[in-house]
Amino acid sequence: MKKNKTSFFCQHCGYMSPKWLGKCPSCNSWNCFAEELISDSDSGSRAEMNFDGKPLSIEDIPAEEGNRTITGIAEIDRVLGGGIVGGSAILIGGEPGIGKSTLMLQMMHNLAQQGLKVLYVSGEESASQIKLRSGRVGAASKDLLVLVEISLEKILEQIKAVSPAIVVIDSIQTVYSGELMSAPGSVGQVREASSRLILFSKKYGIPVFLVGHVTKDGSIAGPKVLEHMVDTVLYFEGDSAHAYRIIRSIKNRFGPTNEIGVFEMQDKGLKEVPNPSTFFLAERPQNVAGSVVVPSLEGTRPILVEIQALVSATNLGMPRRTAIGVDHNRVSLLVAVLDKICGLHLSGSDIFINVAGGVRVEEPAVDLGVVAAMASSFLDKPIDARTVVLGEVGLAGEVRAVSQMDVRIREAARLGFNRCLVPKTNAAQLVKIAKMEICKIGSLKELLENLF
Ligand code: TYD
Ligand code: MG
């Protein structure tokens, strides 16, 4: 008889413990352990996936890099590093309602139009609801197969029977395996379902997209191990207040990370935004203090974003510092540097920083933009509308080099900017671009002298 063994799993990170714990030693969350039945190690995944376990010389392994499927949606293809790699597992995370199912359906429709047989497995919506949505986004093709199912065993059976070119599982949290007693969506189930789907896809060379929900704190629900198991992790970002959606690669074994694809949610589904800089700068105010444009680099693609700052006298004992779209700690650091090195007395002011359009920029190259916007607002002097700034700021007020200067400057020139304030140390990499004046900045003092 099969022995029923149980263990306790942290429902946040998947840490396993033989006994109940109050606090997870791995992720430090409290009261997050739940008892789950674990199957014998030889059942399920391992038994099903008997790879021929023999070592091979690396020279004898066929290179399959050429084997990429182009989805036809340019933004997705770029984020994936040039199409879908055969046998890869791709996790797509995002908040409920952001458009994951819509994007998947549109992508599947595109693939089906190329004559590929694709399988969309949904555990969240009924077939007729999917049909309704497909009518909305115009996805109708006889090669687009829909399966409404949540049992892992039955899903695998159907994938075997149909042998599609691509599979989408929407969502991984709804899939459950009959071999485990725990409820669908629990850590044990999510891990088991994903590991078996991933092994299956590797064995048969069928790429699988796993749609995953994210929790309130922004991580993909279920164990962190899910992110380690898959080849590519994409996050779908954006908020319901804005129409645009950004898909960002967080991890990619077959392409660059932090690459982004931009979409706009319309009444007929998601539409690609091929020119995001124009999109994000569309509503930029003219001749107003506290606004500056930075050519930021997301993955391999330069995107111009507008950084806004509002510095106003505070009537609180402790002035407020709010940052939306940039790192809060980074802003505190820049405020301190500006205060100490340039003598702008910001300690009595509330400071609000916002990246217009609701984008999030993570690289330190935007430091100089944040500083310039704050100084402009504090001094109440507008920055020239056709100037861009970029550079990382150090604690001594020095301006440090940033990577890939030429692509950034080219993008700025393409959108009609004619002056660029860049770090002095980048001088060697600079390219000459017609009608673009390049100003080399060594320190924050020089920045202020050149800006106003
Ligand atoms: P959905 O793909 O169901 O989100 P997820 O699978 O990530 O939970 O997206 C649903 C949202 O998108 C919903 O708020 C309605 C909106 N939407 C449109 O605005 N236009 C459309 O054509 C479609 C299909 C959805
Ligand atoms: Mg959905």
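Residues numbered from 1 in each chain as written. Chains lettered and ligands numbered in written order. Predicted model: local features only at pLDDT ≥ 70, side-chain atom pairs only at ≥ 80, totals over all residues. Heavy atoms only, no water.

Q: Any chance you could break down a nonpolar patch on the surface for me, citing the residues and the numbers?
A: Taken together, the side chains of L56, I58 and I61 present a nonpolar region at the surface, about 350 Å² in accessible area. The topology assignment puts I58 in the loop between helix 1 (45-48) and strand 4 (68-69). (Patch = residues over 30% accessible without salt bridge, like charges linked within 9 Å, V, L, I, M, F, W, Y side chains within 5 Å. Areas by Shrake-Rupley, 256 points an atom, 1.4 Å probe, with all protein chains shown as cover. Salt bridge = Lys/Arg side-chain N within 4 Å of Asp/Glu carboxyl O. Helix = DSSP H or I, 4+ residues; strand = E, 2+ residues; numbered from the N terminus.)

Q: Lay out the sheet that holds strand 13 (residues 260-266) in plain terms, naming residues and giving numbers.
A: Strand order across the open sheet formed by nine strands is 8-7-9-10-6-11-12-13-14, with mixed pairing between neighbours. A strand with exactly one partner marks an edge of an open sheet, and here the two such strands are strand 8 (144-148) and strand 14 (269-272). Along the sheet, successive strands turn relative to each other by an average axial angle of 25 degrees, direction set aside. Relative to strand 10 (residues 208-213), strand 9 (residues 166-170) runs parallel, the two being bridged by four bridges. Across the sheet, I169 pairs through a bridge with L210, a residue of strand 10. Against the sheet, helix 5 (residues 152-162) engages strand 7 (118-122), strand 8 and strand 9, with an angle of about 160 degrees to strand 8. Sitting on the sheet, helix 6 (residues 187-204) touches strand 6 (89-94), strand 9 and strand 10, and the angle it makes with strand 10 is about 160 degrees. (Pairing = 2+ DSSP bridges. Axes fitted to C-alpha atoms, helices over the stretch in contact; angles between N-to-C directions. Contact = heavy atoms within 4.5 Å.)

Q: I'd like to hear about the packing of helix 10 (residues 367-379) against helix 12 (residues 444-451), residue by residue, with values.
A: Packed helices, taken two at a time, are described by the angle between their axes plus the distance between the axes. Closest axis-to-axis distance for the helix 10/helix 12 pair is 11 Å, and the angle between their directions is 55 degrees. Taken as axis vectors, helix 10 and helix 12 run oblique relative to one another. Handedness of the helix 10/helix 12 crossing: right-handed. Residues L368, V371, A372 and A375 of helix 10 form the contact with helix 12, whose participating residues are L444, L447, L448 and L451. (Parallel < 35°, antiparallel > 145°, perpendicular 65-115°, else oblique. Left-handed = near helix turned anticlockwise from the far one by under 90°.)

Q: Describe the site of ligand 1, with residues and values.
A: Taken together, 16 residues are adjacent to ligand 1, and G97, S101, T102, Q266 and G269 come closest. Between ligand 1 and the protein, one listed contact pairs an oxygen atom with a backbone N or O atom of G269 at 2.6 Å. Protein chains shield 76% of the accessible area of ligand 1, which is 560 Å² for the free molecule. Those elements giving two or more residues to the shell around ligand 1 turn out to be helix 3 (100-113), helix 4 (127-137) and strand 13. Looking at side-chain class alone, the shell around ligand 1 contains four nonpolar, six polar and six charged residues. (Near = heavy atom within 4 Å. Polar contact = N/O pair within 3.5 Å; in protein donor to acceptor, adjacent residues only side chain to side chain. Nonpolar A, V, L, I, M, F, W, Y, C, P; charged D, E, K, R; others polar.)

Q: So what's going on with the packing of helix 9 (residues 328-342) against helix 12? Which residues, and what values?
A: Relative orientation of the contacting elements helix 9 and helix 12 amounts to 85 degrees, with a least axis distance of 10 Å. Of the possible angle classes, the one that applies to helix 9 and helix 12 is roughly perpendicular. Of the residues in helix 12, those in contact with V337, L338, I341 and C342 of helix 9 are L444, K445 and L448. Among the residues forming the contact of helix 9 with helix 12, the class breakdown is six nonpolar, no polar and one charged.

Q: Account for helix 9, with residues named and values stated.
A: Helix length check: helix 9 (15 residues) gives 21 Å between terminal C-alpha atoms against 21 Å at 1.5 Å per residue, within 8%. Of the positions making up helix 9, those classed as buried are V331, L334, V335, V337, L338 and C342. Taken around the axis of helix 9, the buried residues stretch over an arc of 165 degrees, which confines them to a single face. For helix 9, the exposed residues lying more than 90 degrees away from the buried face are N329 and K340. (Expected span 1.5 Å × (residues − 1). Buried < 20%, exposed > 50% of the residue type's maximum accessible area, 1.4 Å probe, protein only. Arc of directions from axis to C-beta.)

Q: Any chance you could break down the packing of aromatic side chains for me, citing the residues and the numbers?
A: If you walk through the whole model with that rule in mind, you get four aromatic pairs. Between F200 and Y204, the ring centres sit 4.7 Å apart and the planes meet at 40 degrees, which makes this aromatic pair tilted. Here the residue F200 and the residue Y204 both occupy positions in helix 6, the gap between them amounting to four residues, near one helical turn. Taking the centre distance of 5.6 Å and the plane angle of 90 degrees together, the rings of Y244 and F280 count as edge-to-face. Of the two residues, Y244 sits in strand 12 (residues 244-252) while F280 sits in helix 8 (residues 276-281), which places them 36 residues apart along the sequence. (Phe/Tyr/Trp six-rings, centres within 6.5 Å; stacked < 30°, edge-to-face > 60°.)

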